[in-house]
Structures are given as C-alpha cells and as structure tokens.
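# A look at the structure
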Amino acid sequence: MRTHRIGIMGCGLRGRAFAAAVASLDAADLVLCIDEDPEAAAACAGAHGGKAAADWTGQTLDALIMTQPPFDSDRLLAAAQAGMPVLVDPPLARGVVDARRMARSVADAPSRIGVAFAWRFEPLVQLLREVVPAPRFAHAIAVVDPGGPRAPASVQETFWATPHHALDLLVHLFGAAPAEIVADGGPLSTGQNARATVSVPPRADALVADFYFDREHHASLTVAGGDADPELGPVVVDLTDGVTRVRIHSNWTAAEIQPVGDRSVDPPRLPGITLERDGPTWLARVGVECQSLRALVQAFVCPGGSDTPVPDLSDGVRAVALTRAVLAGAASGRTQTLHAA
C-alpha cells in the first residue's frame, strides 16, 4: 500500500502530538518537521522521524499539517495553490473578519483544506452519535490547564482555544449552529457608581454559556481554569434526547449509557469499544491508544475511509464566530442572536 508523505509545520506541544499520530499510521510517513526554531524541529524529527527544516519549499509532500497559530495566510495559500492538502489546527484567527479573509484567500485553491477539530473523532463521540442521534440537551465541561506561574499568557491562549473545539462538537452533535447565545458575565465595574462595557469577559479564567438551537434543543458550556478532576479528566460531555443519557469522561476513555425511566438501551458494537453492563447502565471504554488525533489524521490522509468527514474551513470560521459571540455575551451580559453562523 502506498504511504503518504506528511509534513508537520509547528513543532511545539501540539505539533509533536500530531507527529506521534502520523508516525503511528501504516498509511503515512512523517518526512518533514518544520519550525522556525531549529532545536524544536530537530527534537520533533528525532522523536518521531523525518527531517528537520525551516520550510517545506522544495519538498514533495502529500499533505501538510499546520499547528502553529496565528497562521501565516501566505504559507497556507502557497501550499493550497501548489495542490497540497493542508490540515489546519484551530482556531483559525482571533477575529471573524480575519477568519473569513483567510477562507476567501484559499477558496479557489485546488487542494483540500481541513480543520483539525479532533473531538469529533473520539471513538466514544461516534458511539454517542449512534446512541443519541437527535439530542435535545447537552452540557460540555472543559477544564483549562492553568500553565506555569511565569506564563499567564499561556492560560489565556488555552482558554481562548478551548471553546472552539467545544463549540464545534456541539454543532456537530446537534447538526446546526445555535440561534441564540446567553453567556455569563456583565460589564466590569469602574467605581462605586460607574460601569463600563469591555470587549472581554470580566474573568479570564472561567466562562459559562447557554446555546439555544430552538425551543426544544438546548446546550450549555462551562470552561474554567484549574486542575482537572483526576477521575473525570479535563473534558466531560453529558447529553440526552429524553430517552437515553450518555456521559463521556476520563479523558475520552469512558462513557456511561443510561436509559431514562423504565426504558432499556442496547448500544451498538463498534470497533475498539468494549461494553459492559451494570444493571440498566452500560459502561463503554476505549484504550488510550484509540485517541482522536490518529483517527483525524487517518481520515484526512485517506478521505472516504471514515464515517466522520474532516471539518473544512467553513467549520473553522463558524467556530470563531461562535466563540466571539460567547465572549461578547459574557462581556455585555446581553443575549447574542445569530442570523447566520
């Protein structure tokens, strides 16, 4: 079977995670680790294979994975115009205008451009979609790594990026963008009798938002800084259609499937997922090796081989728009009505 030659641009923590995923695939070879920091590129290549480089120019690649925001739109455009498929790690930009401008700049390019919303590719998310295909309520909780005490900017950056993945997952599960957003927050106080509206939430380490798709479909999101529960992990997704409830936790490796009321549930058997019954509840588990980046890269490198298509730039732009609406709602205390997201 022909292997695909893959390059990684951006050899930080996220880039090294992608590099490990590529190296684990039989259908792909990591041939290029690209970073402006030669030590970072060399460390990535030494750990996962390939050659360290400062750019991909002159190299023959079957796909390029860009994991270093803010993205250089010129490099993205050059790769896309060269016919090279590109997988971009979100968020695309800090603002909606910049995200849309990036999407327009490569709209006519001949290559595929995907956005790496990896949460869609968790095996237990795929099981959830089988068990609850038409959810009515969901709650997603994400705990942001507080980072080192000398790098508070890392906390803000992680806090900014996390909602993009959570919001994309909610849109994926509900099959549409919300019509209204209500976010916890309000204008900051500037004194005893004065108030001022700012463009960011009053707290930079916590966010609560509700999303109304219509009168019967509702989701909520909580993002908070701190240490994750050692048993639940950094992300918990809880979802129901009124008949069945599914709760995913333990770093995407465990799920509980419960019937509501006196009903029963018989979840489908999917590859890589073990099921164990505990009374009316089913316990579903996957191994740590069954994580999402590997499945995402596999779906991008070999399109058509996955039940979940790789998100495209329109999904990335929508996630930016939704995140900005959440932040605007948290800063102003006003409901955000979305006419087209």
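Quick look at the structure, then.

Rules and cut-offs
- Residues numbered from 1 in each chain as written.
- Predicted model: local features only at pLDDT ≥ 70, side-chain atom pairs only at ≥ 80, totals over all residues.
- Heavy atoms only, no water.
- Helix = DSSP H or I, 4+ residues; strand = E, 2+ residues; numbered from the N terminus.
- Contact = heavy atoms within 4.5 Å.
- Areas by Shrake-Rupley, 256 points an atom, 1.4 Å probe, with all protein chains shown as cover.
- Buried < 20%, exposed > 50% of the residue type's maximum accessible area, 1.4 Å probe, protein only.
- Lys, Arg positive; Asp, Glu negative; His and termini not counted.
- Salt bridge = Lys/Arg side-chain N within 4 Å of Asp/Glu carboxyl O.
- Polar contact = N/O pair within 3.5 Å; in protein donor to acceptor, adjacent residues only side chain to side chain.
- Arc of directions from axis to C-beta.
- Pairing = 2+ DSSP bridges.
- Axes fitted to C-alpha atoms, helices over the stretch in contact; angles between N-to-C directions.
- Phe/Tyr/Trp six-rings, centres within 6.5 Å; stacked < 30°, edge-to-face > 60°.
- Lys NZ or Arg CZ within 6 Å of the ring centre and 35° of its normal.
- Core = buried A, V, L, I, M, F, W, Y, C linked by side-chain atoms within 4.5 Å.

### Points about the overall build of the protein
Counting secondary structure elements, the protein contains eight helices and 18 strands. A fraction of 66% describes how many contacts in the protein between residues 6 or more apart in sequence connect residues 24 or more apart. Roughly 16300 Å² of accessible area belongs to the protein as shown, and the carbon and sulfur atoms make up 50% of that amount.

### So, the side chain of D241
Along the chain, the position of D241 falls in the loop between β13 (235-240) and β14 (244-249). No salt bridge is formed by the buried D241; the nearest opposite charge belongs to R263, separated by 7.9 Å. At a separation of 2.9 Å, a polar atom in the side chain of D241 contacts the main-chain amide nitrogen of V243. A polar atom in the side chain of D241 sits 2.8 Å from the backbone nitrogen of T244. Residue contacts for D241: discarding those within four places in its chain leaves V132, A134, P135 and R136.

### Regarding helix α3 (residues 73-81)
Of the positions making up α3, those classed as buried are L76, A79 and A80. Viewed along the axis of α3, the buried residues span an arc of 100°, placing them on a single side of the element. Counted as exposed and oriented over 90 degrees from the buried face of α3: D74 and Q81. G83 sits one or two residues past α3 and shows a positive phi near 85°.

### Focus on the sheet that holds strand β1 (residues 4-9)
With parallel pairing, the six strands of this open sheet are ordered in space as β3-β2-β1-β4-β5-β6. Strands with a single pairing partner mark the edges of an open sheet, and in this sheet they are β3 (51-53) and β6 (113-115). The sheet shows a mean angle of 25° between the axes of neighbouring strands, direction not considered. Of the pairings in the sheet, the one linking strand β4 (residues 63-66) to strand β5 (residues 86-88) comprises three bridges and is parallel in character. The residue bridging I65 from the neighbouring strand is L87, located in β5. On the sheet, α3 packs against β1, β4, β5 and β6 and is oriented at approximately 150° with respect to β5.

### Some thoughts on the pattern of salt bridges
Taken as a whole and judged by the stated rule, the model has eight salt bridges. The residue E256 makes a salt bridge to R247 at a minimum N-O spacing of 3.8 Å. The partly exposed category is assigned to E256, whose relative accessible area is 22%. The salt bridge involving R269 is made with D266; its shortest N-O contact spans 2.8 Å. For R269, a relative accessible area of 53% corresponds to the exposed category.

### Considerations on the packing of aromatic side chains
All chains considered together, the criterion is met by two aromatic pairs. Ring centres 4.3 Å apart and planes at 10° place the aromatic pair F174 and F213 in the stacked group. Of this pair, F174 sits in helix α6 (residues 152-174) while F213 sits in strand β11 (residues 206-214), placing them 39 residues apart in sequence. Residue classification places F213 among the buried positions, given a relative accessible area of 13%. The ring of F300 carries the charged tip of R112 above its face, separated from the ring centre by 4.6 Å.

### Let's talk about the pairing of β4
Put simply, side chains in a regular strand alternate between the two faces of the sheet. Every second residue of β4 is oriented toward a common face, with A63 and I65 on one face and L64 and M66 on the other, all of them buried. With four bridges connecting them, β1 and β4 associate as parallel partners. Bridge assignment links M9 to a residue of β4, and that residue is M66.

### Quick look at unusual backbone geometry
Going from P90 to P91, the amide bond is cis rather than trans, its omega being 5°. Tracing the chain through its elements places P91 in the loop between β5 and α4 (96-105). Of note in the backbone geometry, N251 takes a positive phi value of approximately 55° without being a glycine. Residue placement: N251 occurs in the loop between β14 and β15 (254-259). Residue N251 is classed as partly exposed on the basis of its relative accessible area of 39%.

### Section: the nonpolar core
Grouped together as the largest cluster of nonpolar side chains are 45 residues, with contacts concentrated most on L124, F211, I248, W252 and V326. Broken down by element, this core gets its largest block of residues, eight residues, from α6. With residues near it in sequence (within four places) discarded, W252 still touches W119, E122, L124, V125, L169, V235, V237, V286 and Q291. If you look at the next biggest cluster of nonpolar residues, it comprises 30 residues, including A79, A99, I113 and F117.

Keep in mind that these numbers describe shape and distance, not what the molecule does.
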